[in-house]
Amino acid sequence: MKKLKYYFLSVVFISTSIFAQNQEKVKPQGHTDQNKFRQMKDVLPTPSNTRTASGAPGHEYTQQKVDYVMDIRLDESKNQIFGNEKITYHNNSKDYLEYLWIQLDQNMRAKDSKTPDVKSDNFNGAFNGPASFAKANLKKRFDGGFNIEEVKNSDGSDLSFMVNRTMMRINLPKALAPGDTFKFQIKWWYNVNNHIIEGGRSGYEAFPEGNNTYVIAQFYPRLCVYDNVEGWQNMQFWGRSEFALEFGDFDVKLTVPADHKLEATGVLQNEKDVLTKQQLKRFEQAKKSFKDPVFIVTQEEAEKAEKERSTKTKTWHFKANNVRDFAFATSRKFLWDAMAVDINGRSVMAISLYSKEGNPLWEEHSTRVVANTLEEYSKLTFDYPYNKAVSVHAQMGMEYPMICFNYGRPNPDGTYSERLKRGMIGVITHEVGHNFFPMIVNSDERQWTWMDEGLNSFVETLAELDYDPNFFTGNLPKDMVTYMGGDQSYISPIMSQGDYVHQFGPNAYAKPAAGLYMLRHTIMGPELFDYAFRTYSKRWMFKHPTPADFFRTMEDASAMDLDWFWRGWFYTTDYTDIGVKQVKSYYLTDKPTDKAKEVAKLNNLNLDDYKGKLVYYGEAEEGKIPENAKNVSDFPAINDYLNSLSDEEKKVQITDAEAPKYFYEVTFEKPGGLVMPIILELTYADGTKERKTYPAQIWRYNEHEVKKLFRTQKAITNIMVDPDLETADVDVSNNSWPKKVKQSDFDQFKDKVKG
Ligand SMILES: [Zn+2]
């Protein structure tokens, strides 16, 4: 994998100029094969019995398993979380392990964290408002990070360990043999950050009346992934590139103030201890309500709870099997609603937790959007396997198994813009969608952001367009034009590690999503694409796929060679630009043209000797339809020829009624570095239109220029490349013939004045 990284770097450095790809017109002969259709043997890892050439897990595929039993306590008055964590590590690999690596994500907020140190700072401006000044210059550094109190072996003895920033190595007393398990225990606590002030994907929000809402994640030391791809995935957490986690079973007890409402990953084990009789009854109603959410806690009840403060605690007990992570949300402020969703005959709960500040938006939309997302994603991937999906109102967007945190806060008077509503629907769809990628199709987020964000944004786009065909997703090929056609020094290939890319959003979310949309819509078609995409999703459910597994499965299940697409769209920063360079139009005429006379003279022929025996081609002036164009039937010689054919030969001849009258030799140019299908719209003189699509392989022999001849009965008046903007073509000024004359500024001004 290391080799790959250098390859990316060189791509970035070579194409530092947007014009770089335009200059590589002449290729030296006899050098390395640079053909755009060469197979990806040089960049994909060699297939093995763990990851097969078909893209499926092989018969020797293994993955580790990590089970957690945790006792967690929230101290609301001090905003601290305490944990006692018993871990059982199952070594399913064929390797002996000398140590275990553990992620201490909270250490990113420690006082000695290097995360702020690697940010480039600058002092700008001559003056500032007091608030901005104070925020920039007077803010104390937060005292976060894990305080590790104990790391003990199952026999109670201390284990030796070493902390390297956000990673902790536990030195095993003796190497852990293949097939063996290791049990140990960690005791810890940390100061919870206010995520509004300090930022982050977890923390609390403080409200003026003195209550907090807590959305808590990355809150416990979590095992790193060990596999045959990265060894230990112990790349530091800088705050951006997310997580790589093993599956396991969780048994978690959460102790919080007794008046809190709480949701978490997993199935609640002690409903009767923590819910009132009325709440239990309402949950039973919700399980039967497939159309509308049912309140478990109403706004009136939540507002009443806000005014009180229990000094007692309650312990909520959850169990979750086969999850890669655990998160929870708790507050006395929460309203709570739920409804049932039918996933292919199995009932799943869609649930929301939100403070009154989220209303009226949240009670109207959140749970319904959760339900819609589970339905839509299940159609495109696999049936949602967990028992619930929870959406929690917080000023962020972040995902965990069965639970996610989403923004969407109306103004204090309850009004909200259409934009906010769309944003909220979008973020809930996206974060609930993450249950599929990467919570179940468990890719390595630390290394490959696009494998979860890109795939998820793609399915999210389809779900949103299904919800509303006019929904602005920002993830369609045409939305990529500004990014892909922009300054190359700020663009990285999708196949880059997320911590060093510029323009993270377009790189890891929108461009991969747009690419998959293009594959489905334009290159493969939904039937082939959906089967292959579903195959990938099912093959890698509850497993750890890599990019090669995705690329290979998509080809394996569809019989489409897509190496050119992966190579161009995912491994380079090239862009699409295809245009019409030249159109030569010809027509049939029975009179010798000047050109015919010229050719005859050169060959010492007398055209009079061939009277009635030759077919002449006239060359039409650009944009003009020749009035004297003849039909095939106007040439007795052609008829004589056709009549002379045997019956068998006649079968392959075009009948007179369909015979062409006009001929267009069209030269397509490709200044862009990407190869793409040529999608054409031809407009005829009578106003009718025709579409033609040529596969990307049209560029196999010459990637700069190709020609196509159109033989038509009706004159062509217009040729347009990529009429529906399906290929992210960055420059459409060369897409039509005759060239669209750009309106001059003066004409635009005149139009404006005219009103
Ligand atoms: Zn995401």
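Note that the coordinates shown come from a computational prediction; the quantities given were computed from them, not determined experimentally.

S.K.: Even after reading the chapter, I still don't get the nonpolar core, so can you show me in this structure?
M.R.: The biggest cluster of nonpolar side chains holds 191 residues, and the ones touching the most others in it are Phe405, Phe550 and Trp569. Residue contributions to this core reach at least three from each of two domains, namely domain 1 (587–658) and domain 2 (662–747). By size, the runner-up hydrophobic cluster in this structure holds seven residues, among which are Leu588, Phe635, Ala659 and Phe663.

S.K.: What is the right way to look at the coordination of the zinc ion in this model?
M.R.: In ideal tetrahedral geometry, four donors around a metal make angles of 109.5 degrees, whereas ideal octahedral geometry with six donors gives angles of 90 or 180 degrees. Around the zinc ion, the protein supplies His430 (NE2), His434 (NE2), Glu453 (OE) and Glu453 (OE) as donor atoms, at distances of 1.9 to 2.6 Å. Geometry at the zinc ion is irregular, judged from its four donor atoms and the angles of 54 to 152 degrees they form at the metal. Each donor residue of the zinc ion lies on the same chain, and together they follow the pattern H-x3-H-x18-E. His434 carries the same exposure label as His430, and that label is buried.

S.K.: What should I look at first to understand the packing of helix H14 (residues 547–556) against helix H15 (residues 563–571) in this one?
M.R.: To describe two helices that pack against each other, one gives the angle between their axes and the distance between the axes. One can describe the packing of H14 onto H15 by two numbers: an axis separation of 11 Å at closest approach and a directional angle of 150 degrees. What the angle tells us is that H14 and H15 run roughly antiparallel. When you trace H14 past H15, the crossing you get is right-handed. When H14 is examined against H15, the residues Phe550, Phe551, Met554 and Glu555 are found in contact with a partner set consisting of Asp563, Trp566, Phe570 and Tyr571. Of the residues assigned to the contact of H14 with H15, the class counts are six nonpolar, no polar and two charged.

S.K.: Would you explain the sheet that holds strand E15 (residues 267–268) in this entry?
M.R.: As a general point, the strands of a sheet are linked pairwise by backbone hydrogen bonds and lie either parallel or antiparallel. An order of E4-E7-E2-E1-E13-E17-E15 is seen for the seven strands of this open sheet, with the pairing classed as mixed. Looking at the sheet topology across the chains shown, the edges are occupied by strand E4 (147–153) and E15. Bridge count for strand E13 (residues 248–257) against strand E17 (residues 313–323) is nine bridges, and the pairing is antiparallel. Bridging from a neighbouring strand, Lys253 pairs with His317 of E17.

S.K.: So what exactly am I meant to see when it comes to the domain arrangement of the protein chain here?
M.R.: Interface size, as often reported, equals the accessible area lost upon joining of the parts. Under the domain assignment, the protein chain is made up of domain 1 (587–658) and domain 2 (662–747). For domain 1 versus domain 2, the distance between C-alpha centres works out to 28 Å. Contact with domain 1, which involves nine residues of that partner, is made by eight residues of domain 2. Of the roughly 610 Å² buried between domain 1 and domain 2 on both sides combined, carbon and sulfur atoms contribute 69%. Among the residues domain 1 hides against domain 2, the three largest losses belong to Tyr587, Glu622 and Ile625. Together they make up 52% of the total. The interface formed by domain 1 and domain 2 holds zero salt bridges in total. Counting the contacts that link domain 1 with domain 2 gives two residue pairs in polar contact (both at pLDDT 80 or more). For the side of domain 1 that touches domain 2, the residue count by class is six nonpolar, one polar and two charged.

S.K.: Would you explain the pairing of strand E25 (residues 616–619) in this entry?
M.R.: The side-chain alternation of E25 yields one buried face, formed by Tyr616 and Gly618, and one unburied face, formed by Tyr617 and Glu619. In terms of strand pairing, strand E24 (residues 579–589) meets E25 through four bridges, oriented antiparallel. Looking across to E25, one finds that Thr589 is bridged to Tyr616.

Parameters and conventions
Residues numbered from 1 in each chain as written. Predicted model: local features only at pLDDT ≥ 70, side-chain atom pairs only at ≥ 80, totals over all residues. Heavy atoms only, no water. Core = buried A, V, L, I, M, F, W, Y, C linked by side-chain atoms within 4.5 Å. Buried < 20%, exposed > 50% of the residue type's maximum accessible area, 1.4 Å probe, protein only. Domains from an automatic or database assignment. Donors = N, O, S within 2.8 Å, 3.2 Å for Na, K, Ca; no water. Tetrahedral: all angles 85-135°; square planar, octahedral: opposite > 155°, others 65-115°. Axes fitted to C-alpha atoms, helices over the stretch in contact; angles between N-to-C directions. Helix = DSSP H or I, 4+ residues; strand = E, 2+ residues; numbered from the N terminus. Parallel < 35°, antiparallel > 145°, perpendicular 65-115°, else oblique. Left-handed = near helix turned anticlockwise from the far one by under 90°. Contact = heavy atoms within 4.5 Å. Nonpolar A, V, L, I, M, F, W, Y, C, P; charged D, E, K, R; others polar. Pairing = 2+ DSSP bridges. Buried area = accessible area lost by both parts, 1.4 Å probe. Salt bridge = Lys/Arg side-chain N within 4 Å of Asp/Glu carboxyl O. Polar contact = N/O pair within 3.5 Å; in protein donor to acceptor, adjacent residues only side chain to side chain.

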